[in-house]
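Observations on the three-dimensional arrangement
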Amino acid sequence: MLIIGAIILAVNSFREIEIQPLAEFNDNSENSFKAKSSLRDSLDLFGKDLLGIPYSYAGTSREGFDCSGFIYYVFKNFDIDVPRSSSQYADFGKEVAIDQIQKGDILIFLSPTRDEIGHLGIVTNPNGMETEFIHASSGKEMKVIISSLKQPNYNRRFVKAISVIED
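Thresholds applied
- Residues numbered from 1 in each chain as written.
- Predicted model: local features only at pLDDT ≥ 70, side-chain atom pairs only at ≥ 80, totals over all residues.
- Heavy atoms only, no water.
- Helix = DSSP H or I, 4+ residues; strand = E, 2+ residues; numbered from the N terminus.
- Buried < 20%, exposed > 50% of the residue type's maximum accessible area, 1.4 Å probe, protein only.
- Contact = heavy atoms within 4.5 Å.
- Core = buried A, V, L, I, M, F, W, Y, C linked by side-chain atoms within 4.5 Å.
- Pairing = 2+ DSSP bridges.
- Axes fitted to C-alpha atoms, helices over the stretch in contact; angles between N-to-C directions.
- pLDDT = per-residue confidence, 0-100.
- Salt bridge = Lys/Arg side-chain N within 4 Å of Asp/Glu carboxyl O.

1. Things to note about the overall build of the protein chain
- A count of helices and strands for the protein chain gives 4 helices and 8 strands.
- Out of the 167 residues in the protein chain, the part that is buried amounts to 41%.
- The contacts of the protein chain with a sequence gap of at least 6 include a subset with a gap of at least 24, amounting to 49%.

2. Notes on the nonpolar core
- Counting 25 residues, the largest nonpolar core has F70, I71, F75 and I106 as its most contacted members.
- Those elements that provide at least two residues to this core are helix 2 (39-48), helix 3 (67-76), strand 4 (106-110), strand 5 (117-125) and strand 6 (132-136).
- Among the elements that make up this core, the one with the highest residue count is helix 3 (5 residues).
- Leave out the neighbours within four places in its chain, and I71 touches V82, Y89, I106, L120, G121 and I122.
- Counting 10 residues, the second largest nonpolar core, distinct from the first, contains L107, V123, F133 and L149.

3. Overview of the sheet that holds strand 3 (residues 94-96)
- The antiparallel open sheet is built from 6 strands, whose spatial order is 3-8-4-5-6-7. For this open sheet the edge positions go to strand 3 and strand 7 (144-148), each flanked by a neighbour on one side alone. Taken over all neighbouring pairs, the strand axes of this sheet differ in orientation by 40° on average, direction set aside.
- Here strand 5 runs beside strand 6; their pairing, made up of 3 bridges, is antiparallel. From the neighbouring strand, V123 faces strand 6, where its bridge partner is F133.
- The sheet strands contacting helix 3 are strand 4, strand 5, strand 6 and strand 7, and the helix crosses strand 5 at an angle near 45°.

4. Quick notes on the confidence of the model for the protein chain
- Residue-level pLDDT values for the protein chain average 84, and 78% of them are 70 or greater.
- Taken together, the stretch residues 1-36 has pLDDT below 50 and engages in 33 contacts with residues farther than four places along the chain or on a different chain.

5. Remarks on the pattern of salt bridges
- For the structure shown, the criterion picks out 7 salt bridges.
- As a salt-bridge pair, K48 and D44 come within 3.2 Å of each other at their nearest N and O atoms. Of this pair, K48 and D44 are both found in helix 2, 4 residues apart, which corresponds to roughly one turn of the helix.
- Note on K48: relative accessible area 24%, which makes it partly exposed.
- For D44, a relative accessible area of 5% translates into the label buried.
- Each of D41, D44, K48 and K103 takes part in salt bridges that share partners, so that together they form one network.

Here it is as structure tokens:
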């Protein structure tokens, strides 16, 4: 990054320019994500910065997350109040048609073992029923990962998508 900046500065030495360093993607400063282009993009980048953090039942920190703790932590960083428990999402937020979802919307799933809401994820790549989402998985991965709604395990358990962001 510094080499590129030096080259640009040398090439453009005949005019005054100001080069501002870009925030690194893996910058762990939580406020660095707030300055990105849009709230939805910032949520996406912030969530992706948490990839690989281990699954931890009832976890709500960088030490470990459960699915709702992950959602809670990400949205709390942007001063957006969301429920702490996945079951509280049944009547929360504004429902969005799957073909109209955007980055930062929340996907709601049934529990793998009960007929009630039991899992959540944040949309990272909206694409209808092939949407990708980031979540804290209690499956074999046991960490924050990106999955696809087209995967049978998630597709058959999908309940709805909601938005908690005012556009």
